[in-house]
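The primary structure of each chain is shown beneath.
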Amino acid sequence: MTKKHLPLDELSGAIGRILGLLLTEEKVDQAVQSLSQAIKESVPGSIGAGVSILDSQGRRTSTGFTDSIVEQVDHLQYDLGQGPCLTAWASEESVLLTDVRTDTRWPEWSDAVSALPIRSVVSAPLMANGHSIGAIKVYASETDVFDASSTYLMELFASPAATLLSHIQSAETPRRISEGLQAALYSRDVVNRACGILMERHKTTHERALQQLILQSRDKNQSLQEVSAELVAGIPANGN
């Protein structure tokens, strides 16, 4: 597949316009949205882009996403505690995923998104003052859409994105990160407990139990964590 990227001067102009936005509380969301849209338009083959950060409650969240599929795929990462964006965030290194169906790094997440129009991903960490405060990402519906040049483009955008988002982060960031990690561990524990209940109840595998939870979350328009918590809460103490 032939890939064409924006000329460097045009790319620089896009980044410059975003950085030129007044970084007030009223303009931050607009700036993040503009940056996500610029990322989507600058990386060929992208069907959506967005930013992952911690919200005011210390929870990982998606902001400035250009398309609903970005929010949906991101939340599966947050619920399962694994995925390319979370890895880029934690490792402080860019992540390139060329085929969701064959990559083995995040088995539960890959399985969860197998029915969605997502096949390729690039994610870059957002570095501010020597710390990773989140990640930016783009998704594609076909395999092998992204390559090293796509990763380079994402890293170019990561710097202005981190500048914008560092204004959102506060002096309480370390505490919020700790709370976010605790919430992530709780979320994953709830999902695993719900899978265990279904495995025991239906004598099935973990993979099939997870797929059943994912289908329920889509049918109910709830997050995977919410569906899992409801299932766990509905089980009597004796497990029957």
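Please refer to the structure placed before this passage.
Here's what I pulled together on the structure shown here. Quick caveat: nothing in here was measured; it's all calculated off a predicted structure. (Residues numbered from 1 in each chain as written. Predicted model: local features only at pLDDT ≥ 70, side-chain atom pairs only at ≥ 80, totals over all residues. Heavy atoms only, no water.)

### Observations regarding the pairing of strand S4 (residues 120–128)
Taking burial as the measure, the 9 residues of S4 include 8 buried ones, the bulk of the element. In terms of strand pairing, strand S3 (residues 95–97) meets S4 through 3 bridges, oriented antiparallel. Its bridge partner being in S4, Leu-96 is matched across the sheet by Val-122. As paired strands, S4 and strand S5 (residues 131–140) are joined by 9 bridges and run antiparallel to one another. (Buried < 20%, exposed > 50% of the residue type's maximum accessible area, 1.4 Å probe, protein only. Helix = DSSP H or I, 4+ residues; strand = E, 2+ residues; numbered from the N terminus. Pairing = 2+ DSSP bridges.)

### Structural notes on the pattern of salt bridges
One pass over the structure, following the stated rule, counts 5 salt bridges. Notably, a salt bridge pairs Arg-105 with Asp-103, separated by 2.7 Å at the nearest N-O pair. Residue class for Arg-105 comes out partly exposed when judged on its relative accessible area of 43%. In this structure, Lys-203 and Glu-200 form a salt bridge, with 3.2 Å as the shortest nitrogen-oxygen distance. Take Lys-203 and Glu-200: they sit in the same class, and that class is exposed. (Salt bridge = Lys/Arg side-chain N within 4 Å of Asp/Glu carboxyl O.)

### Looking at the packing of helix H3 (residues 68–80) against helix H4 (residues 84–91)
Their axes nearest at 8 Å, the elements H3 and H4 cross at an angle of 60 degrees. On the basis of their axis angle, the class for H3 and H4 is oblique. Taken together, the residues of H4 that come into contact with H3 (itself represented by Asp-74, Gln-77 and Tyr-78) are Pro-84, Cys-85 and Leu-86. For the contact of H3 with H4, the residue count by class is 4 nonpolar, 1 polar and 1 charged. (Axes fitted to C-alpha atoms, helices over the stretch in contact; angles between N-to-C directions. Parallel < 35°, antiparallel > 145°, perpendicular 65-115°, else oblique. Contact = heavy atoms within 4.5 Å. Nonpolar A, V, L, I, M, F, W, Y, C, P; charged D, E, K, R; others polar.)

### Digging into the packing of helix H8 (residues 206–220) against helix H9 (residues 224–233)
Across the interface, H8 lies against H9 with an axial gap of 9 Å and an inter-helix angle of 110 degrees. The orientation of H8 relative to H9 falls into the category roughly perpendicular. Contacts between H8 and H9 involve Leu-210, Leu-213, Ile-214, Gln-216, Ser-217 and Lys-220 from the first element and Leu-224, Val-227, Ser-228, Glu-230 and Leu-231 from the second.

### Section: the side chain of Asp-99
Mapped onto the elements, Asp-99 comes out in the loop between S3 and helix H5 (107–112). At 5.6 Å, Arg-119 is the nearest oppositely charged side chain to Asp-99, a buried residue that forms no salt bridge. Here Asp-99 is in contact with Arg-119 and Thr-143, once residues within four sequence places are set aside. (Lys, Arg positive; Asp, Glu negative; His and termini not counted.)

### Regarding the nonpolar core
In terms of nonpolar packing, the biggest core is built from 31 residues, with Val-73, Trp-109, Tyr-139 and Leu-213 touching the most fellow members. Of all the elements in the fold, those that place two or more residues in this core are H3, H4, S3, H5, helix H7 (173–202), H8 and H9. Once residues lying within four places of it in the same chain are set aside, the contact partners of Trp-109 are Val-73, Leu-76, Gln-77, Leu-80, Gln-82, Gly-83, Pro-84, Leu-97, Val-100, Val-121 and Tyr-139. Formed by 27 residues, the second largest nonpolar core is a distinct cluster that contains Ala-140, Met-154, Phe-157 and Ala-161. (Core = buried A, V, L, I, M, F, W, Y, C linked by side-chain atoms within 4.5 Å.)

### Observations concerning H3
One turn of the α-helix equals 3.6 residues, which is why residues spaced by three or four share an orientation. For H3, built from 13 residues, the straight-helix expectation of 18 Å at 1.5 Å per residue is met to within 8% by its first-to-last C-alpha distance of 19 Å. Residues of H3 that are buried include every one of Ile-69, Val-70, Val-73, Asp-74, Leu-76, Gln-77, Tyr-78, Asp-79 and Leu-80, and no others. Remark: Gly-81 follows H3 within two positions and exhibits a positive phi of approximately 70 degrees. (Expected span 1.5 Å × (residues − 1).)

### Overview of helix H6 (residues 148–166)
Between its first and last C-alpha atoms H6 spans 27 Å; for 19 residues at 1.5 Å apiece the expected length is 27 Å, and the two agree. Considering bend angle alone, the principal kink of H6 is centred on Ala-158 and spans about 30 degrees; proline Pro-160 follows within four residues of it. Of all the residues in H6, the buried ones are Ser-150, Thr-151, Leu-153, Met-154, Phe-157, Ala-158, Pro-160, Ala-161, Ala-162, Leu-164 and Leu-165. (Bend = angle between axes of the 7 residues up to and from the residue.)

### As for the pairing of S5
Two faces make up the sheet, and in a regular strand the side chains alternate between them. For S5, the tally of buried residues reaches 9 of 10 residues, placing the bulk of the element in the interior. Where strand S1 (residues 46–54) meets S5, 6 bridges bridge the pair, whose relative direction is antiparallel. Within S5, the residue paired with Gly-50 across the bridge is Lys-137. Hairpin geometry of S4 and S5 is characterised by an intervening segment of 2 residues between the two adjacent antiparallel strands and by a positive phi of about 55 degrees at Asn-129.

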